[in-house]
Amino acid sequence: DTIVDIGLEGSIPKGYVPNDQRRMDAYRRIGEADAFDQIDTAVRDLEAAYGTLPRSVARLVELAEIRLASALVGVRSLFVKDRDVILRTTAPGSLQQALDGAEGSVRMIAPDGAGGTVEATEGAEVEIYYRPPKSSLKPESLATVLRRRLRSQAENELASLITEPAGPPADV
């Protein structure tokens, strides 16, 4: 499971979902989602039953989307250390595409003997250091940037899997 630690927490307050069982079910649905449409459905269901999401629930959803998107693009962990966001991945090419054009700097630290190019490190665990501008390092701003970039990359990769030809037809 992908670990995300960017200094934010989310929760579903009892005042929003008073029933303990339903609140635990909502946590489960959001936390165990393995597709964006499952998270989106959980959000629609919560809003239909209880109204607009409070900020703490929206944060929980945002963190779930970051976790899912990170996992889908090969990120094993994502955390903040000093001014850097450190992403550990076995798919640096995918992550590099997600961060391409992001404000700030991106650099890769390859394991010894892995080369140092994205192509040479594919499959080996590497660390990508993303240093956003100081204004984007606040947890809420960082979550917005990461969610948008990682989810977009994950959705693009999923779409390309669906639209790629299956290969030549099998002989019958």
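Residues numbered from 1 in each chain as written. Predicted model: local features only at pLDDT ≥ 70, side-chain atom pairs only at ≥ 80, totals over all residues. Heavy atoms only, no water.

Colleague: Would you mind showing me how to read unusual backbone geometry here?
Modeller: In most cases, non-glycine residues show a negative phi, while peptide bonds are predominantly trans. With a phi close to 55°, D82 is a non-glycine residue in the positive phi region. When you line up the elements, D82 lands in the loop between strand 2 (75–81) and strand 3 (84–89). (Helix = DSSP H or I, 4+ residues; strand = E, 2+ residues; numbered from the N terminus.)

Colleague: Hey, could you run me through the pattern of salt bridges in this one?
Modeller: Side chains that carry opposite charge are capable of pairing whenever their charged atoms lie near each other. Overall, the coordinates contain 13 salt bridges when judged by the stated rule. The partner of R23 in a salt bridge is D20, with the nearest N and O atoms 2.5 Å apart. Taken as a pair, R23 and D20 lie in helix 1 (residues 20–31) at a separation of three residues, close to a single helical turn. Judged by relative accessible area, R23 falls into the buried class, the value being 9%. A salt bridge links R151 to D40, with the shortest nitrogen-to-oxygen separation between them at 3.2 Å. Taken together, the residues R151 in helix 6 (residues 139–163) and D40 in helix 2 (residues 36–50) connect sequence positions 111 residues apart. (Salt bridge = Lys/Arg side-chain N within 4 Å of Asp/Glu carboxyl O. Buried < 20%, exposed > 50% of the residue type's maximum accessible area, 1.4 Å probe, protein only.)

Colleague: Could you clarify how one ought to interpret the sheet that holds strand 3 in this entry?
Modeller: Strand pairing in a sheet relies on backbone hydrogen bonds, with the paired strands running either antiparallel or parallel. Judged by pairing direction, the sheet is mixed, and its five strands sit side by side in the order 1-2-3-5-4 without closing on themselves. Sheet topology places strand 1 (3–5) and strand 4 (105–109) at the edges, where each strand pairs with a single neighbour. Across this sheet, the average inter-strand angle for adjacent strands is 20°, counted without regard to direction. In terms of strand pairing, strand 3 meets strand 5 (residues 126–131) through five bridges, oriented antiparallel. What sits directly across from L87, in strand 5, is I128. The sheet strands contacting helix 3 (residues 55–72) are strand 1 and strand 2, and the helix crosses strand 2 at an angle near 130°. Here helix 4 (residues 92–99) sits on the sheet and contacts strand 2, strand 3, strand 4 and strand 5; the angle it forms with strand 5, its principal contact strand, is near 10°. (Pairing = 2+ DSSP bridges. Axes fitted to C-alpha atoms, helices over the stretch in contact; angles between N-to-C directions. Contact = heavy atoms within 4.5 Å.)

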